[in-house]
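The residues making up each chain are set out below.
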Amino acid sequence: MKIAIASGKGGTGKTTLSTNLAALIAESEEVVLADLDVEEPNSGLFFKAETVHEEINVKAIPYWDESKCTLCGICARVCNFHAIIRLGPSIVVFPELCHSCYACSELCPEAALPIIQKRTGILSEFQTGNLHFIESRLDIGEEQAVPAIAKTKKFAAQKYSGVRITLFDSPPGTSCPVMETVRDADFVLLVTEPTPFGLHDLSLAVDTVRVFEKTIGVVINRYGTGNDDVAEYCRREQIPVLARIPDSRRIAELYSAGKLIYKEIPEIRNILEGILDAITEITEGGG
Amino acid sequence: MKEIVVISGKGGTGKTSVTASFSYLGGSSVVTADCDVDAADLHLLLKPDFGYSEDFYSGEISSIDQPGCIRCGKCADVCRFDAITVKNGIYRIDPLRCEGCGYCARICPPKAIINKERKAGKWQISHIRTGGKMVHARLGIGADNSGKLVAKVKNEARELALEERAEYVIVDGSPGVGCPVVSSLSGASFVVLVTEPSVSGLHDLKRVYELVKKFHIKAGCIINKADINPGQHQKIMDFVAEEGIPHLADLPYDERFTKAIIEGKTIIEISTGNLEDRLTKCWEKVRRLTN
């Protein structure tokens, strides 16, 4: 089962929930945690783990073979992203604008634009006990998160098809990187906080996730601050609230130090177990 | 006219609360731009009047004209995004997977694939109670191209600032280091980095500052929730000292941030004393460093 942990708003507790759930599950069985926030991956800060594998992430871009080119300009005309242009006597490729559609390369009558692989970042896999942790991080200046997210999910699925639970720590927001993260999840856990910001971004995230007709559950973090509008929204939308994590300076301090909170606060262990039980019940109950 | 961009790398460090405070302090000398277009929250504090609104189109989306389709499958062969599926001999394009490259339409033998402009969201110009104006936007559900909508919001804010003779454009950026952030940094005069003293806060600050350096933009740093972890706070201070980034302010872990959000106000409006002072001094510092 693939569980995506997402939120809309940043800083609501996605990484806290992902890392703590993963560590808790790992106490009794193998589990995979994939950090898909490839722009700012920081789940790994919460584990001391051995690196077991590393590979370069790449994207396909055209390479101009001057010797074959007749400067016909077809490549520039077929590119919808303005990623390749004719500039006087040369063809210039803008790799950051390229979407790797291959149109320029394959429609070039002279085969003067072979595809090459350009580095965009690195995928790393770590292990500690039962926990297999996979992250991809974009090189600074690389803009496209989606291909790295897709690649990381694929890597996890191929290598750990036998593991019962895979957790995806999602990037914030509601646009393409989040869509790519939740696309093939079996369950989406949305973490929010009980404030107008939390509610606003939660409702956007719900609309996004519902495009894929996913089963959703909400966790209200920092419960006790703010107001009841999030709970009211969930009632209205018939979205189950799986847990309320109390607002606590102690939790904020443990998180700030890179510590797993359930190990220090027994109440959190119970809350996390409750979340896992609820997800099992919902997904096995035909949801 | 100077452009000040507020970013953080990590989400939830207080960008929007800081931006709203600066916007309030700047009053009519500021045009405010919410460039966190896929989870925009600034309007919840500044309560714009949504005075002017326009649809935003970006990129294309392909679809198959079924009567014209000869079911040859060439479109599905060339699509690198697995957007074209076949079921019972009928080819369809999944709008959520289509990147809008138009390759399929170009090679379709009977020309049965149509490209349409994709509606990617809306953008608005509003009056706000600070006496200034605000440009904001909403990305459509499932829409791509957030970087382009960010660029649109910024350009509109710049034009508006010139028209209104405003001194500053203040930009609320999005988390991360990817396309929307790159887009919001382009052309900036000064970057305000809002971080928090946590391992994640520092990790993300370092990555986003690497990006800021690539653009050769001056930056300053605000440490929010500054008292939550003294050890991490020191590490951030060491980092900014090493990089020569001016430390703009320490803001305490304070429930007035949440209170302001609940009331739909800026911190300046609800706080008298310490917090308001710090933010006012911080805004003055930002102005000094920007000019």
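This is a predicted model, so every value here is computed, not measured.

**Description of the packing of helix H1 (residues 15-26) of chain B against helix H11 (residues 274-290) of chain B**
Residues and elements named next belong to chain B.
And step 1. As a packed pair, H1 and H11 sit with axes 10 Å apart at the nearest point and diverge in direction by 80°. Judged on the interaxial angle alone, H11 and H1 are roughly perpendicular. Contacts from Ser21, Phe22, Leu25 and Gly26 in H1 reach Leu279, Thr280, Cys282, Trp283 and Val286 in H11.
And step 2. A class-by-class count of the residues in the contact of H1 with H11 yields 6 nonpolar, 3 polar and no charged.

**Focus on the layout of surface pockets**
And step 1. Empty space within the second largest pocket amounts to approximately 200 Å³.
And step 2. Lining the second largest pocket are 18 residues, and of these His200(A), Ala40(B), His43(B), Ala137(B) and Arg138(B) sit closest to its centre.
And step 3. Listing elements by their share of the lining of the second largest pocket, those giving two or more residues are helix H6 (196-211) of chain A together with strand E6 (113-127) and strand E7 (133-139) of chain B.
And step 4. Residue contributions to the lining of the second largest pocket peak at 4 residues, all from E7(B).
And step 5. Partitioned by chemical class, the residues of the lining of the second largest pocket number 7 nonpolar, 8 polar and 3 charged.

**Here we look at the domain arrangement of chain A**
And step 1. Domain boundaries assigned for chain A yield domain 1 (2-57 + 121-284) and domain 2 (64-113).
And step 2. Its C-alpha centre places domain 1 of chain A at a distance of 40 Å from the equivalent point of domain 2 of chain A.

**Focus on the nonpolar core**
And step 1. Counting 46 residues, the largest nonpolar core has Ile7(B), Val31(B), Val135(B), Leu185(B), Val191(B), Leu193(B) and Val212(B) as its most contacted members.
And step 2. Contacts of Val212(B), omitting those with residues within four sequence positions, involve Ile7(B), Leu185(B), Val191(B), Leu193(B), Ile217(B) and Ala219(B).
And step 3. Judged by nonpolar contacts, the second largest core, of 40 residues, contains Ala26(A), Phe47(A), Leu272(A) and Ala278(A).

**Points about the interface of chain B and chain A**
And step 1. Listed per partner, the contact involves 58 residues of chain B and 58 residues of chain A.
And step 2. Between Arg80(B) and Glu106(A) there is a salt bridge, with the nearest N and O atoms lying 2.4 Å from each other.
And step 3. At the junction of chain B and chain A, the tally comes to 30 residue pairs in polar contact (both at pLDDT 80 or more).
And step 4. Taken together, the elements giving at least two residues each to the side of chain B that touches chain A come down to helix H2 (42-46), helix H4 (103-107), E7, helix H6 (179-185), helix H7 (199-214) and helix H9 (256-263) of chain B.
And step 5. By residue number, the principal contributor to the side of chain B that touches chain A is H7(B), which donates 9 residues.
And step 6. When the residues that make up the side of chain B that touches chain A are grouped by side-chain class, the tally is 25 nonpolar, 17 polar and 16 charged.

**Brief notes about the domain arrangement of chain B**
And step 1. Looking at chain B, the domain boundaries give domain 1 (2-47 + 128-290) and domain 2 (59-119).
And step 2. Here domain 1 of chain B and domain 2 of chain B have C-alpha centroids that lie 41 Å from each other.

**Considering the pairing of strand E11 (residues 247-250) of chain B**
Residue and element names in this part refer to chain B.
And step 1. Bridge analysis of strand E10 (residues 218-223) against E11 gives 3 bridges, and the strand direction is parallel. Bridge pairing links isoleucine 222 to alanine 249 in E11.
And step 2. In this fold, E10 hands off to helix H8 (residues 230-243), which returns the chain to E11; that crossover is right-handed.

**Some remarks on the packing of aromatic side chains**
And step 1. Enumeration over the complete set of coordinates arrives at 7 aromatic pairs over all chains.
And step 2. An angle of 50° between the planes, with centres 5.9 Å apart, marks the rings of Phe47(A) and Phe133(A) as tilted. Pair noted here: Phe47(A) is in the loop between strand E2 (31-35) and strand E3 (50-62) and Phe133(A) is in strand E7 (residues 131-138), with a separation of 86 residues, a long-range link.
And step 3. Among the aromatic residues, those joined into a ring-pair cluster are Phe47(A), Phe126(A) and Phe133(A).
And step 4. Across the ring face of Tyr223(A), the terminal group of Arg244(A) is positioned such that the distance to the ring centre comes to 5.3 Å.
And step 5. In this structure, Arg80(B) packs its charged tip against the face of Tyr102(A), placed 3.6 Å from the ring centre.

**Focus on helix H5 (residues 146-164) of chain B**
Because the α-helix completes a turn every 3.6 residues, residues three or four places apart line up on one side.
Residue and element names in this part refer to chain B.
And step 1. The end-to-end C-alpha distance of H5 is 27 Å, a good match for the 27 Å that 19 residues give at a rise of 1.5 Å each.
And step 2. Listing the buried residues of H5 in full gives Ser146, Gly147, Leu149, Val150, Val153, Lys154, Glu156, Ala157, Leu160 and Ala161.
And step 3. Immediately downstream of H5, the backbone of arginine 165 shows phi near 55°, a positive value.

**Observations regarding empty space enclosed by the protein**
Residues and elements named next belong to chain A.
And step 1. Within this structure, the stated rule accounts for 5 cavities of 30 Å³ or more.
And step 2. Here the largest cavity is characterised by a volume of approximately 130 Å³.
And step 3. Together, 16 residues line the largest cavity, and Cys79, Cys98, Cys101, Tyr102 and Cys104 are the ones closest to its centre.
And step 4. For the lining of the largest cavity, the secondary structure elements donating two or more residues are E3 and helix H3 (103-107).

**A look at the pattern of salt bridges**
Residues and elements named next belong to chain A.
And step 1. Scanning the entire structure with this criterion turns up 30 salt bridges over all chains.
And step 2. With its nearest N and O atoms 3.0 Å apart, the salt bridge here joins arginine 249 to glutamate 253. Taken together, the residues span about one helical turn, with arginine 249 and glutamate 253 both in helix H8 (residues 249-256) at a distance of 4 residues.
And step 3. A network of salt bridges, in which partner residues are shared, links Lys153, Glu180, Arg183 and Asp184.

**Some words on the sheet that holds strand E8 (residues 165-169) of chain A**
Residue and element names in this part refer to chain A.
And step 1. An order of E3-E6-E7-E2-E8-E1-E9-E10-E11 is seen for the 9 strands of this open sheet, with the pairing classed as mixed. In this open sheet, the two edge strands, each paired with only one partner strand, are E3 and strand E11 (241-246). Pairwise comparison of adjacent strand axes, ignoring direction, gives a mean angle of 20° for this sheet.
And step 2. Bridging between strand E1 (residues 2-6) and E8 involves 4 bridges; their strand directions are parallel. For lysine 2, the partnering residue across the bridge sits in E8 and is threonine 166.

About the criteria used
Residues numbered from 1 in each chain as written. Chains lettered and ligands numbered in written order. Predicted model: local features only at pLDDT ≥ 70, side-chain atom pairs only at ≥ 80, totals over all residues. Heavy atoms only, no water. Axes fitted to C-alpha atoms, helices over the stretch in contact; angles between N-to-C directions. Helix = DSSP H or I, 4+ residues; strand = E, 2+ residues; numbered from the N terminus. Parallel < 35°, antiparallel > 145°, perpendicular 65-115°, else oblique. Contact = heavy atoms within 4.5 Å. Nonpolar A, V, L, I, M, F, W, Y, C, P; charged D, E, K, R; others polar. 1 Å grid on protein atoms, 1.4 Å probe; cavity = no way out; pocket = protein on both sides within 12 Å on 5 of 7 lines; lining within 4 Å. Points joined across faces, edges and corners; volume = space filled by probe spheres on them. Domains from an automatic or database assignment. Core = buried A, V, L, I, M, F, W, Y, C linked by side-chain atoms within 4.5 Å. Buried < 20%, exposed > 50% of the residue type's maximum accessible area, 1.4 Å probe, protein only. Salt bridge = Lys/Arg side-chain N within 4 Å of Asp/Glu carboxyl O. Polar contact = N/O pair within 3.5 Å; in protein donor to acceptor, adjacent residues only side chain to side chain. Pairing = 2+ DSSP bridges. Right-handed = clockwise from strand over helix to strand, strands pointing away. Phe/Tyr/Trp six-rings, centres within 6.5 Å; stacked < 30°, edge-to-face > 60°. Lys NZ or Arg CZ within 6 Å of the ring centre and 35° of its normal. Expected span 1.5 Å × (residues − 1).

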